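Reading the structure
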Amino acid sequence: MAKEELIKEARESLLSYDKGKAEDVAKRGIAEGVSPQELMSEGFVIGIRELGEKFDLGEVFLPELMLAADAMQAAMEICNAALPAGESESRGTIVIGTVEGDVHDIGKAIVAAYLRANGFEVHDIGRDAAPELFVEKAMEVDANIIGSSALLTATLRVQGEIEEALAEAGVRDRFKTIVGGAVCTQGWADEIGADAFAKDASDGIRKIEQLLDLA
Ligand code: B12
């Protein structure tokens, strides 16, 4: 089957909240040589965003969104498992999580998987993570980078609280910070004093490489 057709099917599987179809198309896509990155970014990610727009317009409701998110997660696991293995020597250590009050973790999981595939050591602290947890984990693993994800207007401020928690602990200079998520912008990163903003996973890799002088 043509690549375009598989990618279209990936998108449609989420628009019809069909987990079985999503898993099936992810497996078939990979078996037929479509890159897992492309299947995600051109297929599943576009599908879930289209559904978000429909949710915004009141055309679909939370139960459907939850079903689609479940399907997306299943497909993402299949795609992530097919990503090439990273280099054996770590290129840098990253602590990543979704901020307190926010349960959206699909984007964060994609970024974590891309980072691993690009040779970084990743410590994923999950979702609904308090600012102090980002700081503690970063100190514990002697991270180079702290990455936070926020998808709600109401939880964006927590990314600023991470900056404050780092300053309060007297360790702001020890780490570089990067922020992302649907409602996050470069302007917001500048406002809170984060070192970088990334609009998607590939941009995240690029920005992290720049922050660590690897680019
Ligand atoms: C799926 C989804 C859900 C799922 C989440 C499941 C899960 N496990 O993640 C469920 C159904 C649980 C959900 C719940 C809610 N949701 Co919701 N959800 C979405 C939806 C449709 C897609 C999000 C997604 O997964 N996108 C795909 C991923 C791949 O994209 P992404 O997250 O943006 O990540 C990419 C980049 O942003 C970037 N990135 C992200 N994080 C990071 C971090 C770093 C460090 C870097 C470098 C890069 C990076 O790279 C990623 C990969 O390319 C969005 C719509 C949208 N346009 O985003 C709404 C959306 C975010 N939700 C919304 C809302 C309102 C809610 C609820 C409040 C609904 C309710 N009434 O209860 C609850 C919130 C619960 C909570 N406390 O968190 C609103 C937020 C509006 C706002 N401005 O605040 C949105 C925008 C929908 C809408 N248009 O109204 N949601």
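The sections below set out a description of the structure shown in this document. Here the structure is a predicted model, which means the values were calculated and not measured.

1. What to know about the coordination of the cobalt atom of the ligand
Inspection of the coordination sphere of the cobalt atom of the ligand shows a single protein donor, H104 (NE2), at 2.3 Å. Position of H104 relative to the elements: it lies in the loop between β1 (93-98) and α5 (106-117).

2. A closer look at the pattern of salt bridges
The final tally for this structure, using the stated rule, is 18 salt bridges. Note that K108 is salt-bridged to D124, the shortest N-O span being 3.0 Å. Here D124 lies in strand β2 (residues 121-124) and K108 lies in helix α5, a separation of 16 residues in the sequence. Judged by relative accessible area, which is 5%, K108 ranks as buried. The exposure class of D124 is partly exposed, given its relative accessible area of 34%. Ionic pairing is found between E161 and R157, a salt bridge with its closest N-O pair at 2.7 Å. You can see E161 and its partner R157 sitting in helix α7 (residues 156-168), four residues apart, about one turn around the helix. Classification of E161 as partly exposed rests on a relative accessible area of 25%. For R157, a relative accessible area of 48% translates into the label partly exposed. One network of salt bridges, with partners in common, ties together E9, D24 and R28.

3. Here we look at the side chain of T98
Residue position: T98 is located in strand β1. By relative accessible area, which is 0% here, T98 ends up buried. Residues within four places of T98 in sequence aside, it is in contact with H104, D105, K108, G126, R127, D128, A129, F134 and S149.

4. Brief notes about the packing of helix α4 (residues 62-81) against α5
Here α4 crosses α5 at 0°, and the two axes come no closer than 11 Å. In terms of their interaxial angle, α4 and α5 are classed as roughly parallel. Mapping the contact onto sequence places A69, M72, Q73, M76 and N80 in α4 and I106, A109, I110 and A113 in α5. For the contact of α4 with α5, the per-class residue count stands at seven nonpolar, two polar and no charged.

Each value, and the rule that gives it
- Residues numbered from 1 in each chain as written.
- Predicted model: local features only at pLDDT ≥ 70, side-chain atom pairs only at ≥ 80, totals over all residues.
- Heavy atoms only, no water.
- Donors = N, O, S within 2.8 Å, 3.2 Å for Na, K, Ca; no water.
- Helix = DSSP H or I, 4+ residues; strand = E, 2+ residues; numbered from the N terminus.
- Salt bridge = Lys/Arg side-chain N within 4 Å of Asp/Glu carboxyl O.
- Buried < 20%, exposed > 50% of the residue type's maximum accessible area, 1.4 Å probe, protein only.
- Contact = heavy atoms within 4.5 Å.
- Axes fitted to C-alpha atoms, helices over the stretch in contact; angles between N-to-C directions.
- Parallel < 35°, antiparallel > 145°, perpendicular 65-115°, else oblique.
- Nonpolar A, V, L, I, M, F, W, Y, C, P; charged D, E, K, R; others polar.

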